[in-house]
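Overview (structure and organization)
In case you want the letters, here they are:
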Amino acid sequence: MAIAFIICGALSREVLAIIRQNEWNIDVYGIPAIDHMHPEKIAPDVERKFLAIRERYDHVLVVYGDCGTRGSLDEVLTRYDLERLESPHCYEMYGGHQFDELMAEEPGTFFLTDFLVRGFRGTVWRGLGLDRFPQLKDDYFHNYRRIVYLIQTDSPELRDKAAEIAKTLELPLEIRFSGYGLLEKRLSDWVQQHSQ
């Protein structure tokens, strides 16, 4: 049974770690995480990747949330009878009910994951043009009241980077350990169902 995952680049380390940990024989194809800065690119990029690999696999799972595609990703998946993980975005995949509780408690929450902490300067800062127009920081982050860092792997280096980000954005930082959360459970459930 040949299985492949087409994954969001923002989840690559975690998905690969879960595959290794479970000793699954699954091929992984990534879509650049920078597509999140232009969500209209996600569905066509996933479709291109699927069309390039589909002849080689019995099952392909798309490891994405909706990620701002406003349903266009699901339209592509429906066309090819593909599944994706049931989730709006990676914060919910990691945080589960904790994410909902945090949002109910403070809608003005800016979330970080290990990926976003590692690549904040490139993905967020440069992606939003703040490297060229730092004065826009207040416009972008005006309505945020706090940062919540959902930690996947507890690293002192990443905690320090998260503290730097909070200082840069002038927001209080809360750290919550989520591990791989629902991402791991949903992947495990799907693999068990499709490898029988």
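Structural data are supplied above this passage.
A short tour of the structure in this document, coming up.

Analysis parameters
- Residues numbered from 1 in each chain as written.
- Predicted model: local features only at pLDDT ≥ 70, side-chain atom pairs only at ≥ 80, totals over all residues.
- Heavy atoms only, no water.
- Buried < 20%, exposed > 50% of the residue type's maximum accessible area, 1.4 Å probe, protein only.
- Helix = DSSP H or I, 4+ residues; strand = E, 2+ residues; numbered from the N terminus.
- Pairing = 2+ DSSP bridges.
- Right-handed = clockwise from strand over helix to strand, strands pointing away.
- Axes fitted to C-alpha atoms, helices over the stretch in contact; angles between N-to-C directions.
- Parallel < 35°, antiparallel > 145°, perpendicular 65-115°, else oblique.
- Left-handed = near helix turned anticlockwise from the far one by under 90°.
- Contact = heavy atoms within 4.5 Å.
- Nonpolar A, V, L, I, M, F, W, Y, C, P; charged D, E, K, R; others polar.
- Salt bridge = Lys/Arg side-chain N within 4 Å of Asp/Glu carboxyl O.

On to the pairing of strand β3 (residues 59-63), then. Among the 5 residues of β3, 4 are classified as buried, and the element is accordingly described as predominantly covered. Bridging between strand β1 (residues 3-8) and β3 involves 5 bridges; their strand directions are parallel. Each residue of the ladder has a partner; that of F5, found in β3, is L61. Inspection of the sheet shows β3 paired to strand β4 (residues 83-84) by 2 bridges, in the parallel sense. Each residue of the ladder has a partner; that of L61, found in β4, is E83. Regarding the hand of the β-α-β motif, the stretch spanning β3, helix α3 (residues 72-79) and β4 is right-handed.

Another aspect to go through is the packing of helix α2 (residues 42-53) against α3. A pair of packed helices is characterised by two quantities: the angle between their axes and the separation of those axes. The interhelical angle for the contact between α2 and α3, taken along N-to-C directions, is 25 degrees, at an axis separation of 8 Å. Of the possible angle classes, the one that applies to α2 and α3 is roughly parallel. Handedness of the crossing formed by α2 with α3: right-handed. Seen from α2, the contacting residues are I42, A43, V46 and E47; seen from α3, they are S72, L73, V76, L77 and R79. Counted by class, the contact of α2 with α3 contains 6 nonpolar, 1 polar and 2 charged residues.

Glancing now at the pattern of salt bridges. A side chain with one charge may pair with a side chain of the opposite charge, provided their charged atoms come close. Taken as a whole and assessed by the stated rule, the structure comprises 12 salt bridges. The closest approach of N and O atoms between E157 and K161, which form a salt bridge, is 3.9 Å. Placement of both E157 and K161 in helix α9 (residues 156-169) is noted, with a separation of 4 residues, approximately one turn of the helix. Judged by its relative accessible area of 29%, K161 falls in the partly exposed class. One salt bridge in this structure joins K185 and D189, with 2.7 Å as the shortest N-O distance. Of this pair, K185 and D189 both sit in helix α10 (residues 181-194), 4 residues apart, which is roughly one turn of that helix. What emerges from the salt-bridge pattern is a single network uniting E105, R146, E174 and R176.

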